[in-house]
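Overview (structure and organization)
Now for the letters of each chain:
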Amino acid sequence: MLRLARRLLLALAAGTALSAVPAEAQQAFPNRTLTVIVPFAAGGPTDTVSRLVAEAMGRDLGQTMVVENVGGAGGTLGAQRVANARPDGHTVLLHHIGMATTPSLYRRLAYDPVGGFEPIGLVTEVPMTLVARNNFPATTLAEAVAIIRRDQDKLNYANAGIGAASHLCGLLLMKAVDAPMTTVPFRGTGPAMQELLAGRIDLMCDQTTNTTEQILGHQLRVFAVTTQNRISALPNVPTSAEGGLPAFEVSVWHGLYAPKGTSAEIVTRLSGALQVALRDPRLVARFRELGTDPVAQDRATPAAHRAFWMADIAKWRPIIQAAGQYAD
Ligand code: ASP
């Protein structure tokens, strides 16, 4: 009888203790498949980076990390999906510089483009290239600029919507050469690349993670890299400054985000897995082939990511306001 009472008391005590702990904390993280939302179409540069990161992070987390492409509206549809997701760390966003330009470009959004997220860590900063269809009648940047100025009414330029890196790069290019072209928006530069390769698009500016192999395979014309220095994956390609366009400089940083309200423990765990992933030899080698490198480990942290993100929002706001560019 006494033993029974003791067992009952123990069971009760255990029950009380368990119910005092929030349901979330009772389960180890992660406890199921994770989803990385990529706010652009499959086959493009953000998608390529995300798949490499997801595979390596999944190994460290002991769970599969799947990539889901939610493209459209310059990356805002995918971002909105994550801002509204359950903040349990199983749904994250891998986005780019658009996280810094959206707050100034979009005056009306169905989510908070800054407060809706917890930064987890930076991933990589990718150079861009100015490329054209293979039969574009120019081989140097100077020749391309002359043709853009002359034929601006006939030429088209692909981008991935307002706020996309290709949009920003196009804006800077058109401003630098003072020649607006017709822009054709896609859900990501993956599908835009197919049109460029088919010769139906004339020009595009895109991350090296989507252009290096086509450039080296002579499937595209390339006029410049949009960085201060030449890059090792494309040593023969001049910088835009060397080609005579000093104001034309963009590099596309990527970062990983959880929805606002995700616990600090889970954000820290995800950041740790990101840091491990960015040292994965397979990932590092593939990034290098695609003309980029992972960020240093101390930048793949929530604090470094937040500081960089906030500084970039402040950097782009006056440029966007001066250009009078709004998505709505
Ligand atoms: N490179 C694209 C952009 O212009 C997006 C993508 O498909 O990754 O922002």
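Quick summary incoming for the structure in this document. Note that the coordinates shown come from a computational prediction; the quantities given were computed from them, not determined experimentally. (Residues numbered from 1 in each chain as written. Predicted model: local features only at pLDDT ≥ 70, side-chain atom pairs only at ≥ 80, totals over all residues. Heavy atoms only, no water.)

Let's shift gears to the overall build of the chain. Helices and strands together make up the secondary structure of the chain, namely 12 helices and 9 strands. In terms of overall dimensions, the chain has a C-alpha envelope of 100 × 40 × 30 Å along the principal axes. Taken over 328 residues, the chain has a buried fraction of 52%. A total of about 14500 Å² of accessible surface is found on the chain, and carbon and sulfur atoms cover 55% of it. Taking the average place of the 29 positive charges on the side chains of the chain and the average place of its 26 negative ones, the gap between the two points comes to 6 Å. (Helix = DSSP H or I, 4+ residues; strand = E, 2+ residues; numbered from the N terminus. Buried < 20%, exposed > 50% of the residue type's maximum accessible area, 1.4 Å probe, protein only. Areas by Shrake-Rupley, 256 points an atom, 1.4 Å probe, with all protein chains shown as cover. Lys, Arg positive; Asp, Glu negative; His and termini not counted. Charge placed at Lys NZ, Arg CZ, Asp CG, Glu CD.)

Around the ligand, a shell composed of Phe40, Pro45, Thr46, His96, Ala160, Ala164, Ala165, Ser166, Gly188, Thr189, Asp206 and Gln207 is seen. One of the side-chain N or O atoms of His96 is found 2.6 Å from an oxygen atom in the ligand. Look at the ligand: alone it shows 270 Å² of surface, and the protein chains cover 100% of it. Elements with a minimum of two residues in the shell around the ligand: helix H3 (45-61), helix H7 (165-177) and strand S7 (203-207). Considering only residue class, the shell around the ligand consists of 5 nonpolar, 6 polar and 1 charged. (Near = heavy atom within 4 Å. Polar contact = N/O pair within 3.5 Å; in protein donor to acceptor, adjacent residues only side chain to side chain. Nonpolar A, V, L, I, M, F, W, Y, C, P; charged D, E, K, R; others polar.)

It is worth spelling out the pattern of salt bridges at this point. In total, this model carries 19 salt bridges according to the counting rule given. Among the ionic contacts, a cluster of salt bridges with common partners joins Arg32, Arg86 and Asp88. (Salt bridge = Lys/Arg side-chain N within 4 Å of Asp/Glu carboxyl O.)

Most of helix H9 (residues 208-216) sits out of view: 7 of its 9 residues are buried. Buried residues along H9 sit against H3, strand S4 (117-133), helix H8 (189-197), S7, strand S8 (220-225) and helix H11 (281-289). Immediately downstream of H9, the backbone of His218 shows phi near 55°, a positive value. (Contact = heavy atoms within 4.5 Å.)

Position of Thr129 among the secondary structure elements: in strand S4. Of the residues examined, Thr129 reaches a relative accessible area of 0% and is grouped as buried. At 2.8 Å, the side chain of Thr129 and the side chain of Thr211 are in polar contact.

Quick look at the state of the cysteines now. The final tally for this structure, using the stated rule, is 1 disulfide. With its sulfur 1.9 Å from that of its partner, Cys169 forms a disulfide with Cys205. Taken together, the positions of Cys169 in helix H7 and Cys205 in strand S7 put the pair 36 residues apart, joining distant regions of the chain. (Disulfide = S-S within 2.5 Å.)

A few words now on the pairing of S7. Along S7, 5 of the 5 residues are buried, which leaves the element largely enclosed by surrounding structure. Across 5 bridges, the pairing between S4 and S7 is antiparallel. Looking across to S7, one finds that Val131 is bridged to Met204. Direction of pairing for strand S5 (residues 156-159) relative to S7: parallel, over a ladder of 2 bridges. Bridging across to S7, Ala158 finds its partner in Met204. (Pairing = 2+ DSSP bridges.)

So, about helix H10 (residues 264-277). Taking 1.5 Å per residue as the helical rise, H10 with its 14 residues ought to reach 20 Å, and the 20 Å between its terminal C-alpha atoms agrees with that figure. Looking at H10, one finds that the buried residues are Ile266, Val267, Leu270, Ser271, Ala273, Leu274, Gln275 and Ala277. (Expected span 1.5 Å × (residues − 1).)

What follows concerns the packing of H3 against H11. Look at H3 against H11: their axes get within 10 Å of each other, and the N-to-C directions meet at 170°. Judged by the inter-axis angle, H3 sits roughly antiparallel to H11. On H11, the residues that touch Val49, Leu52, Val53, Glu55, Ala56 and Arg59 of H3 are Arg282, Leu283, Arg286 and Phe287. Grouping the constituent residues of the contact of H3 with H11 by class yields 6 nonpolar, no polar and 4 charged. (Axes fitted to C-alpha atoms, helices over the stretch in contact; angles between N-to-C directions. Parallel < 35°, antiparallel > 145°, perpendicular 65-115°, else oblique.)

Attention shifts here to the side chain of Thr212. Structurally, Thr212 can be placed in helix H9. Within polar-contact distance, the side chain of Thr212 engages the backbone oxygen of Leu290 at 3.5 Å. What Thr212 contacts, discounting residues up to four positions off in sequence, is Ala233, Leu234, Glu289, Leu290 and Gly291.

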